[in-house]
Amino acid sequence: MLLIPCPWCGPRDEAEFHYGGQAHVAYPEDPAALSDEEWARYLFFRDNPKGLFAERWSHTAGCRRWFNAVRDTATNEIHAVYRAGEPRPVIA
Amino acid sequence: MSERSERTGGAAVQPYRREGATGKTLRFRFDGREYAGLEGDTLASALLANGVRAVASSIKLGRPRGVYAAGSEEPNALVQIEEPFPEPMLTATTVELYDGLVATGLPGQGRLADRPDPARYDAVHAHCDVLVVGAGPAGIAAAGVAARAGARVILADERPEPGGSLLGTAETLDGAPGREWAAGEAAALAALPEVRVLRRTTVLGHYDDNYVIAVERRTNHLGAQAPADVARERVWRIRARRVVLATGGHERFVAFAGNDLPGVMLAGAARTYANHYRVLPGSRAVVFTTNDSAYAAALDLARAGVEIAAIADVRHAPGETWVARCAERGIEVLTGHVVTAVKGEGEVSSVEVAPRPEAQGSGGQAREIPADLLLVSGGWTPVVHLFSQAGGTLRYDEELGAFTPGETRQAVEAAGFARGVRTLRECLEDGAEAGRRALAGAGLTAPPEIDVPAAEEEPAAAPAEHVWLVESGDYGTHFVDLQRDVTVAEVLRATGAGLSSVEHVKRYTTAGTAHDQGKTSGLLTGGVVAHALGVDVAELGTTTFRAPYTPVSFAALAGRDRGPLHDPVRVTALHEWHVARGALFENVGQWKRPWYYPQQGEGPGEDMEAAVLRECRAAREDVAAMDASTLGKIDVVGPDAAVLLDRLYTNMMSTLKVGSIRYGVMCRPDGMVFDDGTVIRLADDRFLVTTTTGNAAAVLDWMEEWLQTEWPDLRVHCTSVTEQWATVALVGPRSREVLARLAPGLAVDNDSFPFMTWRDAEVAGIEARVCRISFSGELAYEINVSSWYGLALWEAVMASGEVTPYGTETMHVLRAEKGFPIVGQDTDGTVTPQDLGMEWIVSKKKADFVGKRSFARADTSRPDRKHLVGLLPEDPGVLLPEGAHLVDTSALPEPPVPTLGFVTSSYRSAALGRTFALALVSGGRERIGERLYAPVGADLVPVTVTSHVLYDPEGARRDG
Amino acid sequence: MVEPAAVSMAERRSPAAAFAARFEAASAGGGLRLAEIPFLSQINLRVDPKSPAAERIGTAMGVPLPMEPGTAAGGGDLEVLWLGPDEWLVVGPDGAAPGLVERLAEAAAGEHVSVVDVSAQRTALVVAGERARDVLAHGCVLDLHPRVFGPGRVAQTTLARAGVVLVAGEDGFRLLVRSSFAAYVAEWLLDASVEYVTSPAGEADPA
């Protein structure tokens with residue numbers, strides 16, 4: 001059970017959160033302008049790295065705010081959390 | 001010579017009980033025989049005190065097995081508790097004896113109780129600065145340092161009393177028995193306000209971020225005397241800032257011929273039985289060892305009255321002090337010797353020892369020594385299970401011949417023997433230092449000076465020699481895993497088959513997979529594999545350590561989450577009325593909704609079919625009411641509220657007039673239907689959105705997700721008001737007149753209050769919002785009031801006696817007759833609005849909305865997509881089962897049979913006078929009029945495909 | 001716009017009304033107090049914390065909006081609970097809701113603010129007494145140690161399997177529980193209290 005540091009509420013149990021998949025996948029500006037392949041890429045394709053991964057979490061059982069976290073998928077260590085809309089921090 | 005008690009007195013005779021043992025006598029029964037033991041015994045020590053050697057039999061080979069260890073690492077002595085309540089697969093070494101215990105030995109597998117466990121089990125969350133696992137010398141020292149500095153400390157130990165290794169070794173601290181020091185320290189710590197000392201508590205698992213699961217056995221040891229309202233076992237869910245693992249070590253044995261015969265026992269375990277339990281595990285013993293530790297055991301047993309016939313030491317140079325002490329007591333030490341055979345019928349009667357074949361010039365001969373006990377020590381293995389579970393690496397300690405903790409990213413460290421620290425004095429110091437580091441890690445200040453009690457001086461240790469097996473021509477009874485009956489022969493078969501990884505050998509042989517999870521056998525198996533392959537144990541590594549550390553009962557894991565508390569039951573404000581009226585309930589997500597209301601009266605109760613037909617007729621021909629409070633409700637407020645709804649619904653919401661209502665569908669970006677409901681415009685900048693019962697939270701989350709992550713510029717706020725409102729649906733041609741009576745101030749005629757509009761009104765004296773919407777096709781109203789007044793409103797509606805209450809089954813029939821789909825029943829996440837025959841709800845005018853782009857994908861316009869259609873069984877009495885598949889052939893072809901689709905809803909219709917169904921059928925709208933077949937059991941039921949709208953397709957009934 | 005009536009001829013019923021007697025029985029021993037506080041006024045407020053409207057609303061209520069996550073602010077008969085970075089729950093006495101809604105909407109003065117009466121959305125359950133923390137620890141994963149979650153702390157979290165707003169006060173805890181979950185939470189609390197409910201004589205209550 002991870003202890004996830006909500007940027008607002010502080011560390012809370014993983015069970016209070018919902019996972020939202022890869023971060024920084026923006027809804028396309030003009031979906032109608034995309035080819036079927038480009039649209040399918042938005043809909044269905046996500047990265048799956050071993051190591052650092054920027055992903056979305058929502059503190060659903062708490063303040064209900066979405067935020068981003070950089071988590072190491074191999075160790076589960078969360079290196080940074082940052083609010084929606086903020087750029088991904090550089091992890092040394 | 002022997003201290004053995006010669007007292008007599010029927011079942012109270014305990015021939016192997018040491019003299020001077022005190023405590024209350026307890027009666028118990030094992031394998032059908034009456035015995036007596038003493039308070040403080042385990043079942044194992046009590047059996048040994050009574051001379052019971054064969055306790056269980058092995059799972060595959062049926063060989064007799066005896067007590068091998070004195071703790072939770074026991075590989076052999078599996079028992080079934082029969083009374084007071086059946087409990088399978090416990091180790092006799094961990095069952096505390098109580099009066100009236102009835103148990104039987106097991107052949108590897110137990111039996112579950114045939115009745116529900118009446119005991120209470122619960123769980124609790126706990127937080128601490130420092131969790132110390134293990135209340136041996138290192139653990140107590142660590143906890144003491146942390147606790148006295150004011151830290152919040154939890155000290156957990158699996159045994160009934162603190163002390164760890166001190167209990168078995170009887171070493172002294174500050175000149176007094178170590179056991180007394182441990183008890184005193186534990187009591188002093190427990191008295192501190194921020195400290196919790198958990199006895200009988202096994203830490204089972206160590207997870208991310210120092211989340212640790214433990215099980216406390218609180219009343220198990222009380223047997224039938226356990227109070228019913230005290231939880232028998234408690235799961236502790238501990239979040240610790242720092243963890244100190246002072247888990248000590250397990251002694252391992254050596255693989256030699258006949259090492260499973262009852263009477264063969266770990267040397268340290270025998271020492272514990274003699275010192276702690278005051279029981280002699282035998283009369284005359286041979287000791288077989290690879291290291292110095294067995295000498296201390298042999299000497300303690302000799303002092304207790306066990307004749308030590310000889311010590312066979314694989315080494316040529318044992319510790320000199322130990323050899324000298326043995327000489328003082330006249331104990332023969334055979335260096336460079338191994339045990340080559342163990343003889344006896346069902347239990348040890350003699351032991352054959354011989355010089356090691358490779359030992360040059362030892363000059364000894366093979367000898368058969370009469371003995372009823374063979375004590376074995378193959379060295380000690382630090383208990384690294386939790387450290388490894390926590391993600392820590394392990395490294396091989398050559399001197400110890402075992403793996404010890406390496407690196408970890410978690411705030412956890414091992415202390416004492418768990419990290420290979422050898423002597424008692426060093427373990428105490430190491431524990432104290434670990435406590436000091438844990439304090440610092442938790443941001444607290446450690447005291448400058450730390451006192452640890454003085455331990456006895458220990459003889460200088462001679463190096464152990466890591467011998468895993470005694471070489472032989474026949475490895476058929478050289479056991480490496482006693483519980484799984486795995487021998488060296490089987491390990492060699494595995495390596496001979498080309499397996500070179502311990503993980504593969506484990507799976508091939510099952511070694512290490514039993515209840516003991518290889519506590520005594522894991523490293524031994526690795527050693528034998530290394531021996532066979534000619535590689536280093538260090539290179540081979542270990543198999544993965546997984547939770548739980550020891551077996552845990554499902555009852556404990558379930559805790560209070562069973563029966564009515566298994567999952568929340570959500571109820572509406574009207575629930576008590578439904579219960580009183582005798583409604584049957586349907587689970588809709590966590591909600592309990594009235595399913596139907598059997599007619600009350602004389603004779604047998606009405607069945608569901610009759611009740612639903614009656615309720616349907618009332619709704620279609622008269623007036624009926626349903627509790628619709630469970631629908632999700634979201635208040636959407638802000639200048640951009642209409643923009644948000646336009647983007648999330650497929651149809652246009654911004655054009656909705658204040659005072660009006662519109663039905664809408666939401667899709668996921670892939671174009672598949674996600675939810676549906678009505679949207680009520682309360683003001684220019686305010687809407688009330690309703691969702692399906694099951695999706696209320698999901699839709700609110702959906703809105704928040706888009707607002708927070710994609711469209712933070714939109715000025716909209718969403719608030720759940722699902723339970724703020726109670727909702728009563730009033731349905732049927734006479735609903736208008738009933739409403740008019742309840743709300744005399746409301747103009748209810750069709751022109752004043754048209755379809756898909758809402759009005760504020762006082763209904764039955766309660767402020768209400770009345771919506772003219774219909775989920776049945778009939779004239780209908782939904783009356784919303786504060787849920788505090790929900791029951792009052794419902795009672796007012798029912799007061800006249802004219803209104804028939806109806807449940808979800810009738811609601812389903814009514815809506816299905818009209819072809820209204822239920823999201824989640826008639827859809828499954830692969831269905832578009834077009835598939836449902838709802839092209840009309842997909843706006844062509846809006847530039848974009850969530851899902852729109854996907855409607856231009858080739859996949860969403862395939863002609864063979866499944867469409868929602870109606871089905872009429874040719875026999876109007878046949879009710880198709882929901883989920884039935886559909887084919888277009890009157891005889892089934894050879895499998896695999898291609899399916900055209902499946903039934904999603906199926907009912908008997910009062911209005912149609914027959915059965916009908918809805919189904920998702922490939923190219924369904926093109927098949928209207930066709931005959932298809934539903935395989936049901938052995939039959940193929942012929943059905944005709946129809947429009948999904950089967951009742952009042954013109955919509956003539958909605959205005960009454 | 002309809003808001004729930006503060007006064008009506010019809011009879012109100014609170015979500016945990018059926019538990020009053022059992023709560024009272026569980027509270028008899030003194031170590032624990034369980035009770036429902038029915039019909040509190042509750043207003044869900046959403047407003048940009050940096051906006052002038054937020055300040056005006058604080059002034060209008062006489063209680064500035066608490067800006068620190070997980071805290072409550074009180075004044076007079078009102079208590080304002082932090083629910084999220086732009087969301088608060090204003091809790092007041094029975095009957096105050098219509099007036100509060102009006103005052104808050106007025107203070108918003110046309111700015112984008114959401115004021116929603118949610119008085120009947122949740123009910124308040126009291127868990128107080130020296131064993132209150134022990135009872136809650138059976139189902140609440142938060143660290144309720146007085147140094148960590150003392151008076152004035154608020155959290156949205158879960159108790160057993162239900163979402164709750166947990167408020168720590170000087171005299172114990174209040175749980176704001178969704179009305180549909182109230183019976184479940186009440187049953188759960190009574191069950192969790194079994195070991196802590198003692199009769200005045202100090203013996204375990206067999207009931």
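Chain B is annotated in an unreviewed UniProt entry as Sarcosine oxidase subunit alpha from Microbispora rosea. Regarding chain B, the relevant UniProt record gives this comment under Catalytic activity (unreviewed entry): "sarcosine + (6S)-5,6,7,8-tetrahydrofolate + O2 = (6R)-5,10-methylene-5,6,7,8-tetrahydrofolate + glycine + H2O2". Of chain B, the UniProt comment under Subcellular location (unreviewed entry) reads exactly: "Cytoplasm".

An unreviewed UniProt entry annotates chain A as Sarcosine oxidase subunit alpha/sarcosine oxidase subunit delta of Microbispora rosea.

Q: How would you summarise the overall build of chain B if you had to cite specific residues and measurements?
A: Counting its secondary structure elements, chain B contains 21 helices and 49 strands. Its C-alpha atoms give chain B a radius of gyration of 38 Å, more than 25% over the compact-globule value 30 Å for 960 residues. Projected onto the principal axes, the alpha-carbon positions of chain B cover approximately 115 × 70 × 60 Å. A burial count over chain B gives 59% of its 960 residues as buried. The long-range fraction of contacts in chain B, counting pairs at least 24 apart against all pairs at least 6 apart in sequence, stands at 64%. Working note: accessible area of chain B is about 35,600 Å², and carbon and sulfur atoms make up 51% of it.

Q: Explain the packing of aromatic side chains to me, using residue names and the numbers behind them.
A: According to the stated counting rule, one finds 26 aromatic pairs over all chains in the structure shown. Between A:Trp39 and A:Tyr42, the aromatic rings sit 5.2 Å apart at their centres with planes inclined by 35°, giving tilted as the arrangement. Of the two residues, A:Trp39 and A:Tyr42 both sit in helix α1 (residues 36-44), three residues apart, roughly one turn of that helix. Accessibility classification places A:Trp39 together with A:Tyr42 in one group, the buried group. Ring plane angle 65° and centroid distance 5.3 Å describe the contact between B:Phe674 and B:Trp702, whose orientation is recorded as edge-to-face. With B:Phe674 in strand β36 (residues 673-683) and B:Trp702 in helix α18 (residues 696-710), the pair connects residues that are 28 residues apart, well separated along the chain. Residues B:Phe674 and B:Trp702 agree in their burial class; the two are buried. Taken together, the aromatic side chains of A:Tyr27, A:Trp39, A:Tyr42, B:Phe674, B:Trp702, B:Trp706 and B:Trp711 make up a single cluster linked through ring pairs. Note that B:Arg668 overlies the ring of B:Phe674, its terminal NZ or CZ placed 3.9 Å from the centroid. Just above the ring of B:Trp702 sits the side chain of B:Arg668; from NZ or CZ to the centre is 4.5 Å.

Q: Residues and numbers for the interface of chain B and chain C, please.
A: Many descriptions give the size of an interface as the accessible area lost when the pieces come together. The partner chain C presents 55 residues to the 55 residues of chain B that form the contact. Across the interface of chain B and chain C, roughly 4,800 Å² is buried in total on both sides, 51% from carbon and sulfur atoms. The interface formed by chain B and chain C holds 10 salt bridges in total. For B:Glu704, the salt bridge goes to C:Arg46, with nearest N and O atoms at 2.7 Å. One can count 33 residue pairs in polar contact (both at pLDDT 80 or more) joining chain B with chain C. Looking at the side of chain B that touches chain C, the elements that each hand over two or more residues are β8 (121-133), β34 (632-637), β38 (717-720), β41 (766-771) and α20 (790-799) of chain B. In terms of residues, the side of chain B that touches chain C owes the most to one element, β8(B), which gives five residues.

Q: Residues and numbers for a negative patch on the surface, please.
A: Side chains of B:Glu426, B:Glu456, B:Glu457 and B:Glu458 sit close together on the surface and give a patch of like negative charge. Within the element layout of this structure, B:Glu457 appears in the loop between α9 (424-441) and β29 (479-481).

Q: Provide a residue-level description of the interface of chain A and chain B, including the pertinent values.
A: Contact with chain A, which involves 26 residues of that partner, is made by 25 residues of chain B. Overall, the association of chain A and chain B removes approximately 2,200 Å² of surface from exposure, summing both partners, and the carbon and sulfur fraction of that is 48%. Put simply, chain A and chain B have four salt bridges between them. Two residues, B:Arg853 and A:Asp36, come together in a salt bridge whose shortest N-O distance is 2.7 Å.

Q: Describe the side chain of B:Thr719, and please don't skip the residues or the numbers.
A: Note that B:Thr719 resides in strand β38. Owing to a relative accessible area of 3%, B:Thr719 belongs among the buried residues under this scheme. If sequence neighbours within four positions are ignored, B:Thr719 has contacts with B:Lys633, B:Ile634, B:Asp635, B:Leu700, C:Asn44, C:Arg46, C:Ser114, C:Val116 and C:Val118.

Q: Break down the environment of C:Gln42 for me, citing the residues and quoting the values.
A: Residues and elements named next belong to chain C. You can see Gln42 is positioned in strand β2 (residues 41-46). Gln42 sits in the buried class, given a relative accessible area of 1%. For the pair formed by Gln42 and Ala186, sequence separation is 144 residues and the distance between their alpha carbons is 20 Å. Side-chain polar atoms of Gln42 contact the backbone oxygen of Arg122, separated by 2.9 Å.

Q: Outline the packing of helix α1 (residues 20-27) of chain C against helix α5 (residues 182-192) of chain C, supporting the account with residue identities and numerical values.
A: All names here are of chain C. For the pair α1 and α5, the least separation of the axes is 11 Å and the interaxial angle reads 25°. Between α1 and α5, the crossing angle belongs to the class labelled roughly parallel. The way α1 lies across α5 gives a crossing that is left-handed. Listed contacts from α5 to Arg22, Phe23 and Ala26 of α1 are Ala186, Glu187 and Leu190. Classifying every residue of the contact of α1 with α5 by side-chain character gives four nonpolar, no polar and two charged.

Q: Account for the sheet that holds strand β4 (residues 52-58) of chain A, with residues named and values stated.
A: Read across the open sheet, the four strands follow the order β3-β4-β5-β6 (chain A); overall the sheet is antiparallel. In the strand order of this sheet, the two ends are held by β3 (18-22) and β6 (78-83) of chain A, each with one partner. The mean inter-strand angle of the sheet, taken between neighbouring strand axes irrespective of direction, is 30°. As defined by bridge partners, β4(A) adjoins strand β5 (residues 66-72) of chain A across seven bridges and the pair is classed as antiparallel. Within β5(A), the residue paired with A:Phe53 across the bridge is A:Arg71. In the packing of α18(B) onto the sheet, the strands contacted are β3, β4 and β5 of chain A, and the crossing angle to β5(A) comes to about 80°.

Q: Can you explain the packing of helix α2 (residues 137-148) of chain B against α9(B)? Please cite residues and give values.
A: Residue and element names in this part refer to chain B. Here α2 crosses α9 at 35°, and the two axes come no closer than 7 Å. Crossing angle aside, the handedness with which α2 passes α9 is right-handed. Contact residues: Pro137, Ala138, Ala141, Ala142, Val145 and Ala146 in α2; Leu424, Cys427, Leu428, Gly431, Ala432, Gly435, Arg436 and Leu439 in α9. A per-class count over the contact of α2 with α9 returns 11 nonpolar, two polar and one charged.

Q: For unusual backbone geometry, give the residues involved together with the corresponding values.
A: Residue and element names in this part refer to chain B. For the bond running from Glu83 to Pro84, omega is 10°, close enough to zero to count as cis. By the secondary structure assignment, Pro84 is in the loop between β5 (78-83) and β6 (87-91). Of note, the bond from Pro895 into Pro896 is cis; its omega dihedral lies within 30 degrees of zero at 0°. In this fold, Pro896 is placed in the loop between β45 (885-886) and β46 (901-909). Of note, Thr510 is a non-glycine position whose phi angle comes to about 70°, a positive value. Tracing the sequence through the fold places Thr510 in the loop between α11 (502-509) and α12 (522-533). Since its relative accessible area comes to 30%, Thr510 is described here as partly exposed.

Q: Any details on the confidence of the model for chain A? Residues and values, ideally.
A: On average, residues of chain A score 96 in pLDDT, and 100% of them reach the 70 mark or higher. The least confident element of chain A, judged by mean pLDDT, is β6(A) at 96; the most confident is strand β1 (residues 3-6) of chain A at 98.

Q: So, the sheet that holds strand β4 (residues 78-84) of chain C: which residues are in play, and what are the values?
A: All names here are of chain C. Strand order in this open sheet of five strands is β3-β4-β5-β2-β6, and the pairing throughout is antiparallel. Edge strands, defined here as strands with exactly one partner in the open sheet, are β3 (72-75) and β6 (114-117). Direction aside, the axes of adjacent strands within the sheet are offset by 20° on average.

Criteria and thresholds
- Residues numbered from 1 in each chain as written.
- Chains lettered and ligands numbered in written order.
- Predicted model: local features only at pLDDT ≥ 70, side-chain atom pairs only at ≥ 80, totals over all residues.
- Heavy atoms only, no water.
- UniProt positions renumbered as here; feature names shortened; annotations may be inferred.
- Helix = DSSP H or I, 4+ residues; strand = E, 2+ residues; numbered from the N terminus.
- Rg over C-alpha atoms; globule rule 2.2 N^0.38 Å.
- Buried < 20%, exposed > 50% of the residue type's maximum accessible area, 1.4 Å probe, protein only.
- Contact = heavy atoms within 4.5 Å.
- Areas by Shrake-Rupley, 256 points an atom, 1.4 Å probe, with all protein chains shown as cover.
- Phe/Tyr/Trp six-rings, centres within 6.5 Å; stacked < 30°, edge-to-face > 60°.
- Lys NZ or Arg CZ within 6 Å of the ring centre and 35° of its normal.
- Buried area = accessible area lost by both parts, 1.4 Å probe.
- Salt bridge = Lys/Arg side-chain N within 4 Å of Asp/Glu carboxyl O.
- Polar contact = N/O pair within 3.5 Å; in protein donor to acceptor, adjacent residues only side chain to side chain.
- Patch = residues over 30% accessible without salt bridge, like charges linked within 9 Å, V, L, I, M, F, W, Y side chains within 5 Å.
- Lys, Arg positive; Asp, Glu negative; His and termini not counted.
- Charge placed at Lys NZ, Arg CZ, Asp CG, Glu CD.
- Axes fitted to C-alpha atoms, helices over the stretch in contact; angles between N-to-C directions.
- Parallel < 35°, antiparallel > 145°, perpendicular 65-115°, else oblique.
- Left-handed = near helix turned anticlockwise from the far one by under 90°.
- Nonpolar A, V, L, I, M, F, W, Y, C, P; charged D, E, K, R; others polar.
- Pairing = 2+ DSSP bridges.
- pLDDT = per-residue confidence, 0-100.

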